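Here is how the chains run, residue by residue.
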Amino acid sequence: MPRRGLALQARTRWLLLVLALLLSLVLLTYLLECAPQTDGNASFPGLGGETYGKEYYLALLQEQEEHYQTRAASLKRQIAQLKQELQEMSEKLKTLQEKKGPGINGVGGRPGTKEQAPSDLLEFLHAQIDKAEVGTGAKLPSEYAVVPFESFTAMKVYQLEMGLTRHPEEKPVRKDRRDELLEVIEAGLEVINNPDEEDEGQEDADGLTQKQTFNENDFLEGYYRTERDKGTQYELFYKKENQAEVRHVALFRPFGPLMKVKTEVLDVSAQIINIIVPLAGRTEAFSQFIQNFREVCIQQDRRIHLTVVYFGQEGLSEVSTILEAVGR
């Protein structure tokens with residue numbers, strides 16, 4: 001019995017060894033069959049199941065590189081051309097400035113050098129401030145010559161020219177006026193928050209030694225008026241909450257000298273003047289108007305076209321008759 005058991009174990013071991021060798025052989029054969037190609041003509045999968053070799057991708061990369069190099073060369077040429085044009089324009093501008101002269105000239109102004117022009121303009125602006133009623137008053141012939149102030153806040157403008165018949169508040173505030181007043185408010189804040197030596201001395205004399213920073217919310221109200229030949233005067237008031245002191249800032253925007261924009265000759269020999277008259281009834285007044293129109297416009301200058309827009313039916317036939325008589 002023991003010998004038979006040993007023989008059975010030996011056969012079993014040999015059988016397992018043979019099976020292991022067979023499995024190893026099958027696995028080795030499978031690996032050899034499924035191993036990828038390692039030569040220089042290896043293929044790569046492409047779109048739609050197609051395969052492309054390494055040479056295809058190398059050629060594609062080389063083509064892209066040549067394209068980018070060509071594009072870069074074209075951009076370099078364009079940059080060089082633009083630099084050359086800019087240099088030519090700068091030289092032309094310099095030549096024109098030398099011919100025209102460096103002075104700043106208004107209508108009736110005198111030419112000057114580069115150093116004289118800013119100083120002359122500054123003197124002119126200071127003269128505008130001295131002539132305006134900013135620091136001192138002016139003698140006026142009557143009360144009708146007084147230029148009134150108009151008041152404004154950060155959101156509203158109150159106009160005195162409306163009188164008592166209409167609400168003085170401007171609704172809505174025009175964009176140009178709103179932008180102007182906001183700029184003035186910010187300029188006043190700049191003066192208060194960044195005072196010069198003169199303003200600092202005045203604050204020390206008034207006992208305002210504590211440094212405070214104001215913002216747009218501290219603006220109370222302002223007044224402004226425009227003198228047509230001098231400029232616009234602004235009176236601004238700022239106040240911190242829970243404080244008794246009120247900061248007053250006076251600003252003036254002087255008008256500069258007149259500058260020539262262009263001169264041209266207009267040919268009006270063949271220009272037609274169009275007159276449009278809306279009319280409803282009032283045929284007698286229209287008949288008198290047509291008589292004046294015939295004497296002033298038709299007999300003296302025929303380059304006038306009259307259009308009558310009539311509303312309603314009553315009196316339409318009479319108006320048509322009048323116009324037909326004028327046409328004949």
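Our subject is the structure that appears above.
Computed from a predicted model, the values in this text were never measured in an experiment.

1. Points about the nonpolar core
Working step 1: Ranked by size, the top nonpolar core spans 15 residues in total, and within it F152, L236 and Y238 carry the most contacts.
Working step 2: Among the elements of the structure, α4 (175-193), β5 (219-227) and β6 (231-239) are those that each provide at least two residues to this core.
Working step 3: In terms of residues, this core owes the most to one element, α4, which gives five residues.
Working step 4: Formed by seven residues, the second largest nonpolar core is a distinct cluster that contains L279, V319, I322 and V326.

2. Here we look at the layout of surface pockets
Working step 1: Estimates place the volume of the second largest pocket at around 400 Å³.
Working step 2: For the second largest pocket, the lining is made up of 15 residues, of which E150, Y224, R225, T226 and R228 are closest to its centre.
Working step 3: Of all the secondary-structure elements, those providing two or more residues to the lining of the second largest pocket are α4, β5 and β6.
Working step 4: Element by element, the count of residues in the lining of the second largest pocket is highest for β5, at three residues.
Working step 5: Of the residues contributing to the lining of the second largest pocket, the split by class is five nonpolar, three polar and seven charged.

3. Considering the packing of aromatic side chains
Working step 1: As enumerated under the stated definition, the model contains eight aromatic pairs in all.
Working step 2: Between Y224 and Y234, the aromatic rings sit 6.3 Å apart at their centres with planes inclined by 25°, giving stacked as the arrangement. Taken as a pair, Y224 in strand β5 and Y234 in strand β6 lie far apart in primary sequence, 10 residues in all.
Working step 3: An aromatic cluster of at least three residues, connected via ring pairs, comprises F152, F219, Y224, Y234 and Y238.
Working step 4: Sitting over the face of the ring of F214, K240 holds its NZ or CZ atom 5.4 Å from the ring centroid.

4. Some details on the side chain of Q212
Working step 1: In this fold, Q212 is placed in the loop between α5 (197-206) and β5.
Working step 2: A polar side-chain atom of Q212 sits 3.1 Å from a polar atom in the side chain of Q243.
Working step 3: Every residue in contact with Q212, bar those within four places of it in the chain, is listed here: N193, K240, Q243 and R247.

Rules and cut-offs
- Residues numbered from 1 in each chain as written.
- Predicted model: local features only at pLDDT ≥ 70, side-chain atom pairs only at ≥ 80, totals over all residues.
- Heavy atoms only, no water.
- Core = buried A, V, L, I, M, F, W, Y, C linked by side-chain atoms within 4.5 Å.
- Buried < 20%, exposed > 50% of the residue type's maximum accessible area, 1.4 Å probe, protein only.
- Helix = DSSP H or I, 4+ residues; strand = E, 2+ residues; numbered from the N terminus.
- 1 Å grid on protein atoms, 1.4 Å probe; cavity = no way out; pocket = protein on both sides within 12 Å on 5 of 7 lines; lining within 4 Å.
- Points joined across faces, edges and corners; volume = space filled by probe spheres on them.
- Nonpolar A, V, L, I, M, F, W, Y, C, P; charged D, E, K, R; others polar.
- Phe/Tyr/Trp six-rings, centres within 6.5 Å; stacked < 30°, edge-to-face > 60°.
- Lys NZ or Arg CZ within 6 Å of the ring centre and 35° of its normal.
- Polar contact = N/O pair within 3.5 Å; in protein donor to acceptor, adjacent residues only side chain to side chain.
- Contact = heavy atoms within 4.5 Å.

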